[in-house]
Amino acid sequence: MKNNNISNKIIFVSLTFLTFVFYWYGKEIANYFDSKWILKYPKHHAIPFAIHTTSFVKWLINEASFGLFTFKELTRFFAWIIEQPYKLVLIVLSKGILKGQGQDAIQLIGPLSWLSVIGIFFILALYTKDKFLIFLVIFAIVYLAVFDQWQSSMITLSSIIIAVPIGVLLGLLLGVLSYKSKILEKIITPILDLMQTVPVFAYLVPILVMFGFGPVSALIATIIYAMPPMVRTTILALNNIDPQLKESGIMSGCTDRQLMWKVLIPVSKPTLLIGVNQVIMLSLNMVIIASMIGAGGLGYDVLASLRRLDIGGGIESGIAIVVLAIILDRLSQAFANLPTLTKKTQKKFYVRYKKIFFLIFYIISIYTLGYFYSFFKIFPNELMINTSSFWEELVKYININYFDNLENFKIILLTYFMLPIKKFFLGVPWPWFIFIITLIGWYYGKLKLASLCLILSIFIVTTGLWQKAMITLYLCGSSVIIASIIGIPLGIWAGLNNKANKILTAFIDTLQTLPSFVYLIPVVMLFRVGDFTAMIAVILYALAPSVRYTAHGIRNINNQIVEAALISGCSPRQLLFKIKLPLALPEILLGINQTIMLALSMLVITALVGTRDLGQEVYIGLTKADIGRGLVAGLCVAFISIIADRIIKAGSDRLKNKYGIK
Amino acid sequence: MKIIKKRISILLSLIFFLFAQNIYAVESKDPIKLTLHDWTGQLITTNIMAEVLKEAGYNVELIPADYIAQFAGLQTGDLHVAMEMWETTGRDAIDEYTADGRVVNVGSTGMDAIEEWWYPSYMKEKCPGLPNWEALNDCAEAFSTLETSPKGRYLGGPVTWGGYDDERVEALDLDWEVIHAGTDGALFAELESAYQRKAPIMLWVYAPHWAPSKYSGEFVDFPPYTTECYTDPSWGINKNSAYDCGKPRGPIWKVASSMLKDKWPGAYDAVEAFTLDSNEMGNLVAAVDLDGNTVDAVVAEWMVNNKDRWGSWIK
């Protein structure tokens, strides 16, 4: 065993050395052998995947037919089905019942007024019996009204109310089915990977063509993006159930269906909830992109205010998205944690439902009052607050007084940290790079992982996008490094200290749901366009998981081990560095893994500040409506993240085995 | 009491509406869907068009959509009219989608797009030779940043906008480096930042837009564009290279789904007749973005003042 270790080390060192030799002398070697292809994959060998994809999608949309109906009719039918409940919710929350269409429309019955919506959420929060939550919910909704975000928030809320249940139910169903059938699981896992890692921009155009322009397409894009975690957590939760429980279910005579829905699903509720939470968060992440294809709402407001450089307007709308995310998330968590109602208590009908009766009465009276006093219908303009000028002045102040300091800081970081990484990735010849990746795959996962790495990276080369892929690696790589440097210590702090944990969780939730478009403009103003600005945007977004997983890892260490360490006389410092950190390491690695995934999913956004990576390629595909170009570049992004994901997971598993966790 | 009266009048108009739907002779009362993008000028053109169509008795609906992504909707007939497609940025999309006739180009809006290198007027002190392009090399240093020094830094538009700035720098032998912004949001954020600090900046600005009215400055005078300049290397100052001139200035087009002409021929004619000129548009945009009026108010005022003009569109 020891020998093996030493020889591994020798191989590792010599490979690293060789890599640097190739990096330094790559040009000379290429010239010497007169083989430039080592440095740059020849263009004429690139396979025109993009063109093939485009023509396939065009065929699918324009010609494909199942005999009785065409492919497009089928997709339009799905769109219609999803549209119906959406329309209903929209009527209740935003539009009211209308007669006629367009500007001829006359409102017969108005939508729920802001007071009614507060009432509904108040009653919902009341059920949870959590005082803090009640306060939070009311505060949040009043924010929406006071900052003039009401109309847009209700449109966004409507799409979330539709997208989240569909995402959760579909996810649950797929999860249950793949738990039952291993074959299905094998098929579905790579599809889930792609759904999560192909940037949304890449499939926006095909979705538009298939499902029609408007909110429904936006809903479908949201569901595609937000559903995978639900499937994954369902499979995970079901697999982790204590087999004894399952057996006892079978022994007490459950049918298959009863076993699933009455025993297994309820038992795994806590884990499933994490999935629900993820679906909500990811759906809200999509709000901006959804607004680009006709969803309207808060996302549209954010985009429009950026166009006007109205920083404050963007922040207000952006925070409204965060507010929605927080209420929905906390409420759903609280509801799920409620003790399941004990079977029919012997209370009278109206006593049991008195809150609901009260609510109905309340809404009707608000509605009637609304006829006479507009206050009850629409939040009065005079009470609204506008903070635009405050934010503008703040950014202006920083800009005028601290620009030079920021510039110096940026230049130091660029020259000593980012540029060397960029040169390295672009300098190493691609055949060697692929070789190394395959080797790493072999080391952690033998033939299976090695062949995966090999095939995926060869795909990237043959698309002719290698250069851009390397810039992607460099940008994500440097962002992930910095995000980890900031995130892991914060995570440790949150893991050790309860108060810090509460504050940090709120902070992280905000960062993750606040659309990056909101801070892009101020960041550009202070740092100019370029890689550095892109890196800041990526770090802000991708920081969350490294904090969260680290904190989780430290919290979940077996208490007995900690006690044993304390008894044997560890100082707090030793306890942290010798016991807690090593034991939390596998979890921290998973956090870094998630950071990488998020960083890659931010790629397209970085294209908006002028990077030249795969994100830009996807973005060009979108703006030129070039279906193939976007999809192929999107696949390259997906493949990079799949390779990174598999290698890190294998590494984490190995560590877990080493420390005997699990 | 007043409110109750209002209710009654709404009720009456509802009844009126139910029984008198055919008061206007329009081809169909289905809503015509116009797309809204995220810049003020387009919001104004679209709202004016919408108001005019309403006056003609058409039913109109405004739908927020992405500049390029909307083409998918126009093609399938989910959307009907897009009021601003710029020659300079939308050419490829227009060509691609009008090819099979499902989307049609309804002609120019009458506005011309200008896109060119632009600098704030305070830079004239540091570089008195401007706006003549030949002065660019003398003051390259004044426009440089640490990253580009000694070359000047020119902030170009997103790569998707095209524009051939890299080629232009090469052809005119300018000591400048072209940096591409990713979106126009980023572009104008840099301008705002530099303007606040009175710092050097040279960037791609386009008009009609609020920026030239908000910030005082000028476009650089390059040798004027001709088609030969872009296609024929021997044309112009540099005999061996194309692109040795300024950027083309092209019309802003209106495009529509072919469904518009089939279903609402009258509306199609109105869209076709619509014209505004660039100056007029510049003033309208400034009234919204600089004076803080709402788009609706500005459009309403325009409608009152230009009755004859829009009246002739819907004859």
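Residues numbered from 1 in each chain as written. Chains lettered and ligands numbered in written order. Predicted model: local features only at pLDDT ≥ 70, side-chain atom pairs only at ≥ 80, totals over all residues.

Undergrad: For this particular structure, what's the right way to read the overall build of chain B?
TA: When helices and strands are tallied, chain B shows 14 helices and 9 strands. With the C-alpha coordinates aligned to their principal axes, the bounding extent of chain B is approximately 75 × 50 × 30 Å. Burial analysis of chain B (315 residues in total) assigns 48% to the buried set. Put simply, of all contacts in chain B between residues at least 6 apart along the chain, 70% involve residues at least 24 apart. (Helix = DSSP H or I, 4+ residues; strand = E, 2+ residues; numbered from the N terminus. Buried ≥ 20, exposed ≤ 12 C-beta atoms within 10 Å, placed from the backbone. Contact = placed C-beta atoms within 7 Å.)

Undergrad: I keep staring at the overall build of chain A and nothing clicks. Help me out?
TA: Regarding its fold elements, chain A presents 29 helices and 2 strands. Here chain A has a C-alpha radius of gyration of 27 Å; the compact-globule value for 662 residues is 26 Å, and the two agree. Summarising its shape, the C-alpha atoms of chain A cover approximately 90 × 70 × 60 Å along the three principal directions. Taking all 662 residues of chain A together, the buried fraction comes to 43%. Put simply, 78% of the contacts in chain A that link residues at least 6 apart link residues at least 24 apart. (Rg over C-alpha atoms; globule rule 2.2 N^0.38 Å.)

Undergrad: Can you walk me through the environment of Lys33 of chain B in this structure?
TA: Secondary-structure assignment places Lys33 of chain B in strand β1 (residues 32-36). The exposure class assigned to Lys33 of chain B is buried, which follows from the 26 C-beta atoms found within 10 Å.

Undergrad: Sorry if this is basic, but what is going on with helix α26 (residues 572-601) of chain A here?
TA: An α-helix turns once every 3.6 residues. As a result, residues three or four positions apart point the same way. Taking 1.5 Å as the rise per residue, α26 of chain A with 30 residues should run 44 Å; its terminal C-alpha atoms sit only 38 Å apart, a clear shortfall. Along its length, α26 of chain A shows its largest kink, about 55°, at Leu585 of chain A, and proline Pro586 of chain A lies within four residues downstream of that point. (Expected span 1.5 Å × (residues − 1). Bend = angle between axes of the 7 residues up to and from the residue.)

Undergrad: Is there a simple way to explain the packing of helix α3 (residues 71-95) of chain A against helix α6 (residues 150-180) of chain A in this structure?
TA: All names here are of chain A. Axis separation between α3 and α6 bottoms out at 9 Å; the angle between their running directions is 150°. When the interaxial angle is binned, α3 and α6 end up roughly antiparallel. As α3 packs across α6, the resulting crossing turns out to be right-handed. On α6, the residues that touch Pro85, Tyr86, Val89, Leu90, Leu93 and Ser94 of α3 are Gln151, Met154, Ile155, Leu157, Ser158, Ser159, Ile161 and Ile162. In terms of residue class, the contact of α3 with α6 is built from 10 nonpolar, 4 polar and no charged. (Axes fitted to C-alpha atoms, helices over the stretch in contact; angles between N-to-C directions. Parallel < 35°, antiparallel > 145°, perpendicular 65-115°, else oblique. Left-handed = near helix turned anticlockwise from the far one by under 90°. Nonpolar A, V, L, I, M, F, W, Y, C, P; charged D, E, K, R; others polar.)

Undergrad: I tried to follow the domain arrangement of chain A on my own but got confused; where do I start?
TA: In many analyses, interface size is given as the accessible surface area lost on bringing the parts together. Residue and element names in this part refer to chain A. By domain assignment, chain A separates into domain 1 (40-62 + 394-427 + 463-659) and domain 2 (71-111 + 147-340). The gap between the C-alpha centroids of domain 1 and domain 2 is 24 Å. Each partner contributes residues to the interface: domain 1 has 34 residues there, and domain 2 has 32 residues. Of all the secondary structure elements, the ones that give two or more residues to the side of domain 1 that touches domain 2 are α2 (49-62), α22 (498-513), α23 (516-527), α26, α27 (603-607), α28 (614-623) and α29 (627-659). Considering every element that reaches the side of domain 1 that touches domain 2, the biggest residue donor is α29, with 10 residues. Across the side of domain 1 that touches domain 2, the residue classes break down as 25 nonpolar, 8 polar and 1 charged. (Domains from an automatic or database assignment.)

Undergrad: Hey, could you run me through the interface of chain A and chain B in this one?
TA: In this assembly, 46 residues from chain A lie in contact with 46 residues from chain B. Of all the elements in the fold, those that place two or more residues in the side of chain A that touches chain B are α8 (200-211), α14 (287-292), α15 (298-307), α19 (388-427), α23 and α28 of chain A.

Undergrad: Quick question: what am I supposed to make of the nonpolar core here?
TA: Burial of nonpolar side chains together is a common tendency in soluble globular proteins. Ranked by size, the top nonpolar core spans 272 residues in total, and within it Leu204, Val538 and Cys636 of chain A carry the most contacts. For this core, the element with the most residues is helix α24 (residues 531-555) of chain A, which contributes 15 residues. What Leu204 of chain A contacts, discounting residues up to four positions off in sequence, is Ala221, Ile293 and Leu622 of chain A together with Ala69 of chain B. (Core = buried A, V, L, I, M, F, W, Y, C linked by C-beta atoms within 7 Å.)

Undergrad: Teacher, can you tell me more about the pairing of strand β7 (residues 202-207) of chain B here?
TA: All names here are of chain B. Taking burial as the measure, the 6 residues of β7 include 6 buried ones, the bulk of the element. Judged by which residues are buried, β7 turns out to be covered on both faces: Met202, Trp204 and Tyr206 on one side and Leu203, Val205 and Ala207 on the other are all buried. Pairing analysis gives 5 bridges linking strand β4 (residues 103-120) to β7, with the strands arranged antiparallel. Note on β7: the bridge partner recorded for Glu115 is Tyr206. (Pairing = 2+ DSSP bridges.)

Undergrad: Quick question: what am I supposed to make of the pairing of β4 of chain B here?
TA: On a regular strand, each side chain points to the face opposite its neighbour's, so the side chains alternate between the two faces of the sheet. Residue and element names in this part refer to chain B. Relative to strand β9 (residues 250-257), β4 runs antiparallel, the two being bridged by 7 bridges. In the strand pairing of β9, Asp112 is matched with Pro251. For β4 and strand β8 (residues 217-219), the ladder comprises 3 bridges, and the chain directions are antiparallel. In the strand pairing of β8, Tyr119 is matched with Glu218.

Undergrad: So what exactly am I meant to see when it comes to the domain arrangement of chain B here?
TA: All names here are of chain B. Per the domain assignment, the segments making up chain B are domain 1 (26-110 + 251-313) and domain 2 (113-231). Here the C-alpha centroids of domain 1 and domain 2 sit 30 Å apart. The interface of domain 1 with domain 2 comprises 14 residues on the first partner and 9 residues on the second. It is helix α12 (residues 278-289) that provides the largest number of residues to the side of domain 1 that touches domain 2, a total of 6 residues.

Undergrad: Honestly, α8 of chain A in this entry has me stumped. Any pointers?
TA: Residue and element names in this part refer to chain A. For α8, spanning 12 residues, the distance from its first C-alpha to its last is 15 Å, which sits close to the expected 16 Å at 1.5 Å a residue. What α8 keeps buried is the set Val200, Phe201, Ala202, Tyr203, Leu204, Val205, Pro206, Ile207, Leu208, Val209, Met210 and Phe211. In the stretch just after α8, Gly212 is the one whose phi turns positive, near 90°.

Undergrad: Mind showing me how you'd approach the packing of helix α21 (residues 466-496) of chain A against α22 of chain A here?
TA: Relative placement of two packed helices is described by the angle separating their axes and the distance separating the axes. Residues and elements named next belong to chain A. Axis separation between α21 and α22 bottoms out at 5 Å; the angle between their running directions is 130°. On the basis of the axis angle, α21 is oblique to α22. Contacts between α21 and α22 involve Leu490, Trp493 and Ala494 on the former and, on the latter, Ala500, Asn501 and Leu504. Tallied by class, residues from the contact of α21 with α22 come to 5 nonpolar, 1 polar and no charged.

Undergrad: What exactly am I supposed to notice about unusual backbone geometry here?
TA: Peptide bonds are, in most cases, trans, and in most cases residues other than glycine have a negative phi. For the bond running from Leu130 of chain B to Pro131 of chain B, omega is 10°, close enough to zero to count as cis. With respect to the secondary-structure elements, Pro131 of chain B resides in the loop between α5 (123-126) and β5 (152-156). The backbone of Asp148 of chain A sits at a positive phi, close to 60°, despite the residue not being glycine. Tracing the chain through its elements places Asp148 of chain A in the loop between α5 (131-146) and α6. In this structure Asp148 of chain A comes out as buried when scored by C-beta crowding, with 20 C-beta atoms within 10 Å.

Undergrad: For this particular structure, what's the right way to read the environment of Tyr154 of chain B?
TA: Residues and elements named next belong to chain B. Of note, Tyr154 is situated in strand β5. Tyr154 gets classed as buried once you count the C-beta atoms within 10 Å, which come to 26. Residues Tyr154 and Trp117, 37 residues apart in the sequence, show an inter-C-alpha distance of 8.1 Å. The residues contacting Tyr154, other than those within four sequence positions of it, are Trp117, Asp165, Trp176, Glu177, Val178, Ile179, Met202 and Leu203.

Undergrad: Can you help me understand the environment of Leu526 of chain A in this one?
TA: Residues and elements named next belong to chain A. Assignment of secondary structure puts Leu526 in helix α23. Along the sequence, Leu526 and Ala469 sit 57 residues apart, while their C-alpha atoms lie 27 Å from each other. Once residues within four sequence positions are removed from consideration, Leu526 is found in contact with Ile398, Asn399, Phe403 and Leu406.

Undergrad: I tried to follow the confidence of the model for chain A on my own but got confused; where do I start?
TA: For any part of a model where pLDDT is low, the fine detail of the predicted coordinates should not be relied upon. Across chain A, pLDDT averages 83, with 94% of residues at or above 70. Across chain A, the element-wise mean pLDDT spans from 64 in helix α17 (residues 349-352) of chain A up to 91 in α21 of chain A. (pLDDT = per-residue confidence, 0-100.)

Undergrad: Explain the confidence of the model for chain B to me, please; I cannot follow it from the model alone.
TA: Residue and element names in this part refer to chain B. Residues with a pLDDT of 70 or more make up 92% of chain B, whose mean pLDDT is 83. Taken together, the stretch residues 18-23 has pLDDT below 50 and engages in 1 contact with residues farther than four places along the chain or on a different chain. For this predicted complex, the interface score ipTM comes out at 0.74, while the overall pTM is 0.80.

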